[in-house]
Number of protein chains: 2
Amino acid sequence: MQSNKPTESELQILQILWEFGPSSVRYVNDKLNDTREVGYTTTLKIMQIMSDKDLVSRDTTQRTHIYSSHVSEDHTQQNLLSSFINSAFRGSATKLVMQALGTDKATTEELQEIKDLIAKIEKTKS
Amino acid sequence: MQSNKPTESELQILQILWEFGPSSVRYVNDKLNDTREVGYTTTLKIMQIMSDKDLVSRDTTQRTHIYSSHVSEDHTQQNLLSSFINSAFRGSATKLVMQALGTDKATTEELQEIKDLIAKIEKTKS
DNA sequence: AAGTATATACGAATAACTTCGTAGTTGCAA
DNA sequence: TTGCAACTACGAAGTTATTCGTATATACTT
């Protein structure tokens, strides 16, 4: 069970590892630099810290270490979400959902998915 | 237009101002202490900073200053939400909604509200 | 009027996170 | 085999946010 909340920088790195799989520091740093400027050793340092915290594991058998996410995207999102709901929406997930739907340009398919989920939830309520 | 992101502490204070309306530092500090221990001058300092940032306005005509939120709850939530969706859900509001619904114990009424909203959105799509 | 309680202001310590310089190692290419 | 490129490790500076001690002013109570 992993409940350690990643910091903003750590989360950005996790996103990359989730999307592209196990990667070197160089690769992650390049991806980060697609969106913002950040030095190589900065990325290295943060990934080392993440390794200490067990947010990632690393393979050090080669000179170039390969890092893998050690926490699942779903669990991490779930943790972040629940603390976000508490801090920003006073605990009301429904309020958050309403706001998110209100401004999102969800596709028809996505709306259908959501409706299906709601139907499923309603079923368990009876 | 106010897009300055409040910090965690500032947000807690805003929540209190939103819920109870214009308040003194003493009042806010007491409310904060319902959930966590925090010194009076700490709360004072943060509220002064918030005043500098224009997150709150204050009435200083009396010895006991009265602080009011200067940003709306909805707008603030909207800002926080959109940056949260980007940082934690790679921009997918739908994914967030699905996760939020998945673990929330929404009441039947709330689910109905959400369904109504979806219906309304679908209508604008045709 | 004196003493106590309650305010604000402000500077500085602490803490958490980010950033980067520098040193040292290893591999590769001329 | 020398020199350059790319890697890790590490310490320390920089940044932002939080916390609180202390000074000072104002009101209330007896």
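Residues numbered from 1 in each chain as written. Chains lettered and ligands numbered in written order. Predicted model: local features only at pLDDT ≥ 70, side-chain atom pairs only at ≥ 80, totals over all residues. Heavy atoms only, no water.

A. Representation of the interface of chain A and chain B. With 41 residues of chain A at the contact, the number on the chain B side is 41 residues. Viewed at the interface, chain B and chain A are joined by eight salt bridges. Between Glu122(A) and Lys115(B) there is a salt bridge, with its nearest N and O atoms 2.9 Å apart. The interface formed by chain A and chain B holds 18 residue pairs in polar contact (both at pLDDT 80 or more) in total. Of all elements in the fold, only α1 (8-20), α4 (73-89), α5 (93-103) and α6 (108-125) of chain A reach the threshold of two or more residues within the side of chain A that touches chain B. The class makeup of the residues in the side of chain A that touches chain B is 19 nonpolar, 10 polar and 12 charged. (Contact = heavy atoms within 4.5 Å. Salt bridge = Lys/Arg side-chain N within 4 Å of Asp/Glu carboxyl O. Polar contact = N/O pair within 3.5 Å; in protein donor to acceptor, adjacent residues only side chain to side chain. Helix = DSSP H or I, 4+ residues; strand = E, 2+ residues; numbered from the N terminus. Nonpolar A, V, L, I, M, F, W, Y, C, P; charged D, E, K, R; others polar.)

B. Up close: the relation of the copies chain A and chain B. Mapping chain A onto chain B is achieved by rotating through 180° and translating by 0.0 Å along the same axis, at an RMSD of 0.1 Å. Both chain copies can therefore be described as sitting about a two-fold axis. Every residue of chain A has its C-alpha some distance from the rotation axis, and the shortest such distance is that of Val97(A), at 2.8 Å. (Least-squares fit on C-alpha atoms with pLDDT ≥ 70 in both.)

C. Structural detail: the sheet that holds strand β2 (residues 56-59) of chain B. Residue and element names in this part refer to chain B. Read across the open sheet, the three strands follow the order β1-β3-β2; overall the sheet is antiparallel. Every other strand in the sheet has two partners, leaving β1 (23-24) and β2 as the edge strands with one partner each. Here β1 pairs with strand β3 (residues 66-69) via two bridges, running antiparallel. Within β3, the residue paired with Ser23 across the bridge is Tyr67. Running at roughly 90° to β3, helix α1 (residues 8-20) makes contact with β1, β2 and β3 of the sheet. (Pairing = 2+ DSSP bridges. Axes fitted to C-alpha atoms, helices over the stretch in contact; angles between N-to-C directions.)

Everything listed is a geometric property; what it means functionally is a separate question.
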